[in-house]
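Commentary on secondary and tertiary structure
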Amino acid sequence: MSDSAAFQGPKGVPDYLPPDSAQFVAVRDGLLDAARRAGYGDIELPIFEDTALFARGVGESTDVVSKEMYTFADRGERSVTLRPEGTAGVMRAVIQHGLDRGALPVKLCYSGPFFRYERPQAGRYRQLQQVGIEAIGVDDPALDAEVIAVADAGFRSLGLDGFRLEITSLGDDTCRPAYRQLLQDFLFKLDLDEATRKRAEINPLRVLDDKRPDVRAMTADAPVMLDHLSESAKAHFDTVLAHLDALGVPYVVNPRMVRGLDYYTKTTFEFVHDGLGAQSGIGGGGRYDGLMSQLGGQDLSGIGFGLGVDRTVLALAAEGKSVGATSRVDVFGVPLGEQAKSVLVVLAAKLRAAGVRVDLAYGDRGLKGAMRAADRSGAVLALVAGDRDIEAGTVGVKNLGSGEQVDVAVDSVVADVLSRLSN
Ligand code: HAM
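Residues numbered from 1 in each chain as written. Predicted model: local features only at pLDDT ≥ 70, side-chain atom pairs only at ≥ 80, totals over all residues. Heavy atoms only, no water.

Test applied: UniProt positions are given in the numbering used here, feature names are shortened, and annotations may be inferred rather than shown by experiment.
The chain is annotated in an unreviewed UniProt entry as Histidine--tRNA ligase of Mycolicibacterium confluentis. Of the chain, the UniProt comment under Subcellular location (unreviewed entry) reads exactly: "Cytoplasm". In its Catalytic activity (unreviewed entry) section, UniProt records this for the chain: "tRNA(His) + L-histidine + ATP = L-histidyl-tRNA(His) + AMP + diphosphate + H(+)".

1. Notes on the side chain of T219
To be explicit about the condition: Numbering of helices and strands runs from the N terminus, with a helix taken as a DSSP run of H or I at least four residues long and a strand as a DSSP run of E at least two residues long. The contact rule is simple, with two residues in contact once any of their heavy atoms fall within 4.5 Å.
Along the chain, T219 falls in the loop between α8 (213-218) and α9 (231-247). In this structure, T219 is in contact with F186, L187, L190, V207, L208 and R256, ignoring residues within four places of it in sequence.

2. Overview of the pattern of salt bridges
Inclusion rule: Should a side-chain nitrogen of Lys or Arg be within 4 Å of a carboxyl oxygen of Asp or Glu, the pair is scored as a salt bridge. Exposure classes here rest on a 1.4 Å probe applied to the protein chains alone. A residue is buried below 20% of its type maximum, exposed above 50%, and partly exposed in between.
One pass over the full model with this rule turns up 29 salt bridges. Measuring nitrogen to oxygen at the nearest pair gives 2.8 Å for the salt bridge that ties R36 to D42. The class for R36 is partly exposed, based on a relative accessible area of 39%. On the accessibility criterion, D42 (49% relative accessible area) is partly exposed. Between D262 and R206 there is a salt bridge, and its shortest N-O distance comes to 2.8 Å.

3. Side note on the sheet that holds strand β3 (residues 70-73)
Heads up, the rule is: Here, strands pair whenever DSSP counts at least two bridges between them. Note on method: axes are straight lines fitted to C-alpha atoms, helices fitted across the in-contact stretch only, with angles between N-to-C directions ranging 0 to 180 degrees.
Taken in spatial order, the three strands make up an open sheet running β2-β4-β3, and their pairing is antiparallel. Only two strands of the sheet have a single neighbouring strand rather than two, namely β2 (48-50) and β3. Strand-to-strand, the axes of this sheet are offset by a mean angle of 35°, without reference to chain direction. By the bridge criterion, three bridges tie β2 to strand β4 (residues 79-82) in an arrangement that is antiparallel. If you follow F48 over to β4, its bridge partner there is L82. Its contacts with the sheet put helix α2 (residues 51-58) on β2, β3 and β4, and the angle it makes with β2 is roughly 80°.

4. A short note on the packing of helix α1 (residues 21-37) against helix α11 (residues 309-318)
Under the convention used in this document: Oblique is the label for every angle not falling under 35 degrees (roughly parallel), over 145 degrees (roughly antiparallel), or within 65 to 115 degrees (roughly perpendicular). Crossings are classed by handedness, with left-handed meaning an anticlockwise turn of the near helix from the far one by less than a right angle and right-handed meaning a clockwise turn. Residues are grouped as follows: Ala, Val, Leu, Ile, Met, Phe, Trp, Tyr, Cys and Pro are nonpolar; Asp, Glu, Lys and Arg are charged; all remaining types, including Gly, are polar.
Across the interface, α1 lies against α11 with an axial gap of 9 Å and an inter-helix angle of 115°. When the axis of α1 is compared with that of α11, the two are roughly perpendicular. The two elements α1 and α11 cross, and the hand of that crossing is right-handed. Between α1 and α11, the contacting residues are Q23, F24, V27, R28 and L31 on the first element and V309, D310, T312, V313 and L316 on the second. The residue makeup of the contact of α1 with α11, split by class, is six nonpolar, two polar and two charged.

5. Quick look at the site of the ligand
Definition in use: Here, proximity means that at least one heavy atom of the residue falls within 4 Å of the molecule or strand. Here a polar contact is taken to be a pair of N or O atoms separated by no more than 3.5 Å, where protein atoms must pair a possible hydrogen donor with a possible acceptor and residues adjacent in sequence count only if both atoms sit in side chains. Computed by Shrake-Rupley with a 1.4 Å probe, the accessible areas treat only the displayed protein chains as cover when residues are assessed.
Near the ligand you find 26 residues, and of these E85, E118, E134, Y264 and G281 are the closest. One of the backbone N or O atoms of G123 is found 3.5 Å from a nitrogen atom in the ligand. Within the contact set of the ligand, a nitrogen atom lies 2.8 Å away from a backbone nitrogen or oxygen of Y125. In isolation the ligand offers 660 Å² of accessible surface; the protein chains occlude 95% of this area. Secondary structure elements with two or more residues in the shell around the ligand: β6 (127-136), β10 (281-287) and β11 (302-308). The greatest single-element share of the shell around the ligand, amounting to six residues, is contributed by β10. Considering only residue class, the shell around the ligand consists of eight nonpolar, 11 polar and seven charged.

6. Some thoughts on the UniProt feature "domain: Aminoacyl-transfer RNA synthetases class-II family profile" (unreviewed entry) in the chain
UniProt records the feature "domain: Aminoacyl-transfer RNA synthetases class-II family profile" (unreviewed entry) at residues 35-335, using the numbering of this structure. For residues 35-335, the end-to-end C-alpha separation is 44 Å, with 34% helix and 23% strand making up the annotated structure.

7. Considering the UniProt feature "binding site: L-histidine" (unreviewed entry) in the chain
The test is simple: The distinction between a cavity and a pocket rests on a 1 Å grid over the protein atoms alone: a 1.4 Å probe fits inside a cavity but cannot get out, while a pocket stays open yet meets protein on both sides within 12 Å along at least five of seven lines, and a residue with an atom within 4 Å of a point counts as lining.
In this numbering, the UniProt entry assigns the feature "binding site: L-histidine" (unreviewed entry) to E85, G86, T87, R116, Q130, E134, R259, Y263 and Y264. Checked against the lining of the largest cavity, the annotated residues just named reduce to E85 and G86. By the element assignment, G86 lies in the loop between β4 and α4 (87-96). Taking the relative accessible area as the measure of exposure, G86 reaches 7% and is therefore buried. With sequence-adjacent residues up to four places away left out, G86 is seen in contact with Y110 and F114.

8. Some points on the domain arrangement of the chain
So the rule is basically this: Residue ranges assigned to each domain were obtained from an automatic or database domain assignment.
You can read the domains of the chain as domain 1 (21-175 + 229-318) and domain 2 (331-418). For domain 1 and domain 2, the distance between their C-alpha centroids amounts to 48 Å.

9. Thoughts on the sheet that holds strand β5 (residues 106-115)
A sheet is described by the order of its strands in space; here eight strands give the open sequence β1-β5-β6-β11-β10-β9-β7-β8, paired in mixed fashion. Strands at the two margins of the open sheet, each flanked by one partner only, are β1 (41-42) and β8 (252-253). Pairing analysis gives six bridges linking strand β9 (residues 265-273) to β10, with the strands arranged antiparallel. Paired with T265 across the strands is R287, a residue of β10. With respect to the sheet, helix α5 (residues 141-157) is in contact with β5, β6, β7 (163-169), β9, β10 and β11, its orientation differing from that of β11 by roughly 15°. Strand contacts of α9: β7, β8, β9 and β10, with the helix running at about 155° to β7, the strand carrying the most contacts.

10. Looking at the layout of surface pockets
Put simply, the rule is: Grid points are joined across faces, edges and corners, and a volume is the space filled by probe spheres set on the points.
The volume enclosed by the second largest pocket comes to roughly 710 Å³. Lining the second largest pocket are 33 residues, and of these R176, D262, Y263, Y264 and T265 lie nearest its centre. Secondary-structure elements contributing two or more residues to the lining of the second largest pocket are α2, α6 (176-188), β9 and α10 (291-294). Top contributing element to the lining of the second largest pocket by residue count: α6, with five residues. Among the residues making up the lining of the second largest pocket, the classes are represented as 14 nonpolar, six polar and 13 charged.

See below:
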């Protein structure tokens, strides 16, 4: 490749360009809005953190930590990692700033990019965007239901409906160790290859997530956590489901769900969309009652979710739906001459100050080219003026839908446009 060859963006990272980027923004904002309506406060955190935070928080045996992290030494020889997910960083910040010493639960929401060195394919990116929430410090099944309902409401507010909520319980300290033993006893009796056996030793649940048909067949009758919950974990799960029923949030119990991160306890869930092919998870989350103490904080519980903005955009497209502005501006100015340009530049600024989206034809294009640009912008109205109009003290206000045009006194243009746009 010669030095002058054009650059390509990094592999597996999407660019969102206008006009489609409006979908991305509307999805992100719509999901965040659902969280804010439930009292979650915005938190902005570093894109990179101490590598050990993720190793300890997310779990050494996960693919995310063992294979997918963007880890490097900074110039001070510290090992840092581009955040692969948001929960560990939120927990670090909550502990560091003592938010857990104030009113509980601490309810936080965030959005932004996360980084995983995965094999890129449709819907699986190396820089992925999430909207997430975390509710920390209260172990109440009603809070689990709230978190799930916020995600459900966020998706539905975008018009999405071809998804389902899968839910299970992964138990807690009182029942998981015994279940783990039971599962290992089952797995060790199977004829597993060396790598899978090793996985069964380190994290037996992961074997239930194996996609190979022969392993699937062998593990079809494996014991599942849901059948071995302690009384309190079972009561918690049943209460979460009762709240979801009361809220009218539909779900299916999937006792074989395996999440990609190790911190989950009790309620665990995923939102799955069937229009997306292999990468069908549009969001997921759950409780992580041991995480705070594992990261050096108090022993407080927590629950949250991460929703995939990229995949939600794809899911909407799969449903043939669109959200967000379809037009770039409301008004497009077409100046024909220097004097007209000076006047329209000022009118554009005044209209913008009044909240109207305005663009202008720059570069002294002829009328035809400028009107084409006006049409392409999606504007409802065009302001068309030549120097002669300006001398007469007027600007032409043209309705780009009907083609109808009227002359309006320069001083009245802002008021005239505002009233036309509000009709
Ligand atoms: P996660 O399931 O790893 O959970 O990711 C959440 C969502 O991010 C997924 O459901 C998916 O929509 C999206 N996602 C993940 N990886 C990719 C990728 N490579 N390309 C495109 N989209 C992707 C978490 O990250 C947890 N922190 C969620 C959580 C918060 N649990 C408790 N609190």
